[in-house]
Amino acid sequence: MAKRSSGSSSDKAFRAITLAAGCLILVVLFSVAVFLLVQSIPAWQAPGAEITGGEGFLSYIWPIVVGTLIAAAIAMALATPVGIFVALFISHFAPRRLAMGFGYLIDLLAAIPSVIYGAWGYIFLAPLLTTGYDWLAANLGWIPIFAGPASQTGRTMLTAGIVLAVMVLPIITALTREIFLQTPKLHEEAALAMGATEWEMIKMAVLPFARPGIISAAMLGLGRALGETMAIALVLSPGALTASLVQSGNQTIAAEIALNFPEAYNLRLSELIAAGLVLFVITLAVNMLARWIISRHKEFSGAN
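Here's what I pulled together on the structure shown here. (Residues numbered from 1 in each chain as written. Predicted model: local features only at pLDDT ≥ 70, side-chain atom pairs only at ≥ 80, totals over all residues. Heavy atoms only, no water.)

As a further point, take the environment of Ala258. With respect to the secondary-structure elements, Ala258 resides in helix H9 (residues 253-260). In sequence terms Ala258 and Val38 are 220 residues apart; their C-alpha atoms lie 20 Å from each other. (Helix = DSSP H or I, 4+ residues; strand = E, 2+ residues; numbered from the N terminus.)

See below:
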C-alpha cells in the first residue's frame, strides 16, 4: 500500500511539473508579445515623415517583409526536396555503415553556428556565383527575377536563399529521416509482397505515413529561415526592394534589426521593435497554418 501511495504521489508531482513547464512557455510567449506590442506603439503612432523613409511605417516595413518571405521561400524550395531525398537515401537505400555516417554528418551540420554559414557564404559562395549570375542576367534577363545588371560581389538575395537552404537542410533531413524509420515494417513488407517495386512501396507506405512529420520538419526549417539573422547580415548586401534575385538589394526583418539595433534609440528603436513584432506575427501565423495542415491530413497519413 505504501509503494502504491508513493507511486501515486510521484505521478502527481510529475504531472504538476509538466503542467507548470507548459504554462511557463505560454507565459513567456505572452510576455514577449506584450513587450513587443507596448514598445512598438510609438512607431505606429508617429507621423509618417518621422519614420525611416519618410512615408510611414507600412511603407518602411513591407519591403523587408517581402524580402524575408522571398529568402525563406528560396530556402524552402531548395532544401525541402533535397532533404526528403537525402532522408530516404539514409533510411531505405544506403548500407547500414554508410547510413550511420551520413546520419552523424547531418547532425553535425545542424550544430554549426549560423555565423559560420554566413562567413562561408560571404567569403566562398558569393564570389563563386558571380559568373553564374552574369550568365543568368545575359541570357535570362527577360525574366524579372534574373534581370540585370548582376551583382559583381555575389551578395544577392539568391545567395542568401542558398545559404539559408544549406542551414535548414540538416533540420529537415534529420527529422524526416527519423519519421521514415518509424514507418511500420508490416506496411512496407505488405506493399512489397503485393508486387510493388521499392519506389512504389515508398509512395504507398512510407510517404503517406510520414506526411505530417515531413510538414512539421519543413515548418521547423521555415521558422529558422524566417528568423535567421547573422547569416543574412553577412551574405546579403542590403538595398531597396527589387524583383531581381541576382542584383544587389532587398533586406530581411531579422537582418534589419541586427544591423541597426546597436545604434538605435527613441523612435528608431521603436521601429525595430515593431518590425520584430511583425516577424513574431508572421512566425506565429506560419506555425498555426502548419498545425492546421497537419491536423487536416493526419487521419489519412496511415499513422493511425
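Structure shown, so let's carry the discussion forward.
So, about the nonpolar core. Grouped together as the largest cluster of nonpolar side chains are 54 residues, with contacts concentrated most on Ile61 and Ile253. Elements represented by at least two residues in this core include exactly helix H2 (57-93), helix H4 (114-140), helix H5 (157-181), helix H7 (198-227), helix H8 (230-235), H9 and helix H10 (266-297). The greatest single-element share of this core, amounting to 11 residues, is contributed by H2. Setting aside residues up to four positions removed in sequence, Ile253 forms contacts with Ile64, Val65, Thr68, Ala275, Gly276, Val278, Leu279 and Ile282. Leu88, Ala196, Ala210 and Ile214 belong to the second-largest nonpolar core, a separate cluster that totals 11 residues. (Core = buried A, V, L, I, M, F, W, Y, C linked by side-chain atoms within 4.5 Å. Buried < 20%, exposed > 50% of the residue type's maximum accessible area, 1.4 Å probe, protein only. Contact = heavy atoms within 4.5 Å.)

Quick look at H2 now. Helix length check: H2 (37 residues) gives 52 Å between terminal C-alpha atoms against 54 Å at 1.5 Å per residue, within 8%. Residue Ala79 marks the point of greatest curvature in H2, where the axis turns by about 25°; the proline Pro81 follows within four residues. (Expected span 1.5 Å × (residues − 1). Bend = angle between axes of the 7 residues up to and from the residue.)

What follows covers H5. If you check H5, its first and last C-alpha atoms are 35 Å apart, about what 25 residues at 1.5 Å a residue would give, namely 36 Å. If you look at H5, its biggest bend is around 35°, right at Val168, and the proline Pro170 turns up within four residues after that. Burial analysis of H5 places 18 of its 25 residues in the buried class, which makes it a mostly covered element.

What follows is about the pattern of salt bridges. According to the stated counting rule, one finds 6 salt bridges in the structure shown. Notably, a salt bridge pairs Glu178 with Arg177, separated by 3.0 Å at the nearest N-O pair. A relative accessible area of 36% means that Glu178 is categorised as partly exposed. For Arg177, a relative accessible area of 9% translates into the label buried. Between Glu188 and Lys185 there is a salt bridge; the shortest N-O distance is 3.8 Å. Taken together, the positions of Glu188 and Lys185, both in helix H6 (residues 185-193) and 3 residues apart, correspond to about one turn of that helix. (Salt bridge = Lys/Arg side-chain N within 4 Å of Asp/Glu carboxyl O.)

If you walk through the whole model with that rule in mind, you get 4 aromatic pairs. Centroid distance Phe89 to Phe102: 5.7 Å. Interplanar angle 85°. Geometry classified as edge-to-face. Remark: Phe102 occurs in helix H3 (residues 96-110) and Phe89 occurs in helix H2; sequence separation between them is 13 residues. Its relative accessible area of 33% is what places Phe89 among the partly exposed residues. Between the aromatic rings of Trp120 and Phe124, the centroid separation amounts to 6.4 Å while the plane-to-plane angle is 25°, which identifies the pairing as stacked. Remark: Phe124 and Trp120 occur in helix H4; sequence separation between them is 4 residues, near one turn of the helix. With relative accessibility at 32%, the residue Trp120 sits in the partly exposed group. On the basis of relative accessibility, which here comes to 47%, the residue Phe124 falls in the partly exposed class. Taken together, the ring pairs in this structure connect Trp44, Phe57 and Tyr60 into an aromatic cluster. (Phe/Tyr/Trp six-rings, centres within 6.5 Å; stacked < 30°, edge-to-face > 60°.)

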